[in-house]
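Observations on chain architecture
Here are the chains, one letter per residue:
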Protein chains: 2
Amino acid sequence: MASVAKALGHPARIAILEYLLKVQSCICNDLVIELPLAQATISQHLRALKNAELIKGNIEGNAICYCINEKTIEELNSYLESMKIQLLKINCC
Amino acid sequence: MASVAKALGHPARIAILEYLLKVQSCICNDLVIELPLAQATISQHLRALKNAELIKGNIEGNAICYCINEKTIEELNSYLESMKIQLLKINCC
DNA sequence: ATTTTATATCGTAATATTGCAATATAGCAT
DNA sequence: ATGCTATATTGCAATATTACGATATAAAAT
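The numbers attached to residues start from 1 for each chain and follow its sequence in the written order. Note on labels: chains are lettered from A, ligands numbered from 1, in written order. Selection of residues for local features in this predicted model requires a pLDDT of at least 70, selection of side-chain atom pairs for listing and counting requires 80 or more, and totals for whole chains, interfaces and linings are taken over all residues.

1. So, the overall build of chain A
Here is the rule we go by: Think of it this way: any DSSP run of H or I at least four residues long counts as a helix, any run of E at least two long counts as a strand, and we number them from the N terminus. Based on C-alpha atoms, the radius of gyration is set beside the globule rule, defined as 2.2 Å times the residue count to the power 0.38. Whether a residue is buried, exposed or partly exposed is read from the other C-beta atoms within 10 Å of its own C-beta, which are placed from the backbone; 20 or more gives buried, 12 or fewer gives exposed, and intermediate counts give partly exposed.
Helix and strand content of chain A: five helices and two strands. Ordered by position from the N terminus, the helices and strands of chain A form the series α-α-α-α-β-β-α. At 16 Å, chain A has a C-alpha radius of gyration far larger than the 12 Å of a compact globule built from 93 residues. The C-alpha extent of chain A, read off along each of the three principal axes, is 55 × 25 × 20 Å. Taken across its 93 residues, chain A has 23% of its residues classed as buried.

2. Observations concerning the protein's contact with DNA strand D
Convention followed: Only the C-beta atom matters for this test: placed from the backbone, it must lie within 6 Å of a molecule or strand for the residue to be near it. Lys, Arg, Asp and Glu make up the charged group, whereas Ala, Val, Leu, Ile, Met, Phe, Trp, Tyr, Cys and Pro make up the nonpolar group; the residues left over, Gly among them, are polar.
Every one of the 23 residues lining DNA strand D counts as a neighbour, but A:Asn29, A:Ala40, A:Ala63, B:Ala40 and B:Gly61 are closest to it. Of all the secondary structure elements, the ones that give two or more residues to the surface near DNA strand D are helix H4 (39–51) and strand E2 (63–68) of chain A together with helix H4 (39–51) of chain B. Split by residue class, the surface near DNA strand D holds 11 nonpolar, 11 polar and one charged.

3. Observations concerning the relation of the copies chain B and chain A
For clarity, the threshold we go by: Each copy is superposed on the other by least squares, with the fit set by C-alpha atoms of residues at a pLDDT of at least 70 in both. Any two residues are considered in contact once their C-beta atoms, placed from the backbone, lie within 7 Å.
When chain B is brought onto chain A, the operation consists of a screw motion whose angular component is 180° and whose axial shift is 0.0 Å, with 0.0 Å RMSD remaining. Each copy turns onto its partner about a two-fold axis. When the interface residues of chain B are mapped onto chain A, 100% of them again fall at the interface, so both copies present the same face.

4. So, the protein's contact with DNA strand C
Around DNA strand C, a shell composed of 23 residues is seen, among which A:Ala40, A:Gly61, B:Asn29, B:Ala40 and B:Ala63 lie nearest. The set of elements that each furnish at least two residues to the surface near DNA strand C consists of H4 of chain A together with H4 and strand E2 (63–68) of chain B. Counting residues per element, the surface near DNA strand C draws most heavily on H4(B), which supplies six residues.

5. Structural notes on the interface of chain B and chain A
Counting from both sides, the interface comprises 32 residues of chain B and, opposite them, 32 residues of chain A. For the side of chain B that touches chain A, the secondary-structure elements that each account for two or more residues are helix H1 (2–8), helix H2 (11–23), strand E1 (55–60), E2 and helix H5 (70–89) of chain B. In terms of residue count, the dominant contributor to the side of chain B that touches chain A is H5(B) (12 residues). Residues of the side of chain B that touches chain A, tallied by class, amount to 18 nonpolar, seven polar and seven charged.

6. Regarding H4(A)
Residue and element names in this part refer to chain A. Here is the rule: One fewer than the residue count of a helix, multiplied by 1.5 Å, yields its expected span. Throughout, the arc means the angular range of directions from the helix axis out to the C-beta atoms.
A rise of 1.5 Å per residue sets the reference length of H4, with its 13 residues, at 18 Å; its end C-alpha atoms lie 18 Å apart and thus fit the reference within 8%. Inspection of H4 places Ile42, Leu46 and Leu49 among the buried residues, and these make up the whole buried set. Looking straight down H4, one finds that the buried residues subtend no more than 60° of arc, so they occupy a single side. What points out from H4, more than 90 degrees from its buried face, is the exposed set Ala40, Arg47 and Asn51. Its buried side turned inward, H4 meets helix H1 (2–8), helix H2 (11–23), helix H3 (29–34), strand E1 (55–60) and E2. The first or second residue beyond H4 is glutamate 53, which carries a positive phi of 60°.

7. Observations concerning the environment of A:Leu21
Relative to the elements of secondary structure, A:Leu21 occurs in helix H2. The partly exposed category is assigned to A:Leu21, around which 16 C-beta atoms lie within 10 Å. C-alpha separation for the pair A:Leu21 and A:Val32, spaced 11 residues apart in sequence, amounts to 16 Å. Not counting residues up to four positions away in its chain, the partners in contact with A:Leu21 are A:Ile68, B:Met83 and B:Gln86.

8. Here we look at the packing of H2(B) against H4(B)
Residue and element names in this part refer to chain B. The following threshold applies: As a rule, the C-alpha atoms of each element are fitted with a line to give its axis, helices using only the stretch in contact, and angles between N-to-C directions run from 0 to 180 degrees. Orientation labels follow simple angle bins: below 35 degrees gives roughly parallel, above 145 gives roughly antiparallel, 65 to 115 gives roughly perpendicular, and whatever is left gives oblique.
H4 packs onto H2 with a crossing angle of 75° between their chain directions and a minimal axis gap of 10 Å. In this view, H2 runs roughly perpendicular relative to H4, as classed from their interaxial angle. Of the residues in H4, those in contact with Ala12, Arg13 and Ile16 of H2 are His45, Leu46, Ala48 and Leu49. Of the residues belonging to the contact of H2 with H4, the class tally is five nonpolar, one polar and one charged.

Structure follows, in structure tokens:
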């Protein structure tokens, strides 16, 4: 859990995910144009997101189609959901 | 968003939140016994969680009652929820 | 008043992360 | 075969994070 959150914990990586959502499909060189970061840096962030299984990449010719991995988003979501439910039981502070 | 995720992105801080959920109320010296970390380190992690508004602390005599800040959990949750909904529209990879 | 308990802060060493230029790789187009 | 395009990897400097001992603070108990 911590490792997924950690991968989310950088503005550039949030921006990448939101861009992927916005364009609803992605060949990632777009990102180099879209974000104010060097290509090497973006590649590094993509790797972090991939290691955390927040995105997955399919090779398509000489480009790579990176997409959000729904499964991990759902896992994170249901983790928070259950936290929310448990919080209803608590009555302090 | 990134800053909240970043605060969640450490196993000790996840452990603190889960402990707060488990005991359903908290006077935080418990944590020094519960977690295999020095008191200074725990205090540091508590500060990180507090800065991210994931917890709030009320002074109670000479102790402090730290509690989860539901509001932030809910915000995080609804961010992921809306991401999930947007993902349904996407059909690639 | 002194001691104890709970917590925070400071200083510091070890480690990790970030950003980037340079270089490498690999498929595509010519 | 050669050059182009998309991406990854490497090396490195700058910065941030983590962990902790030592010390500070402040309320409570004696």
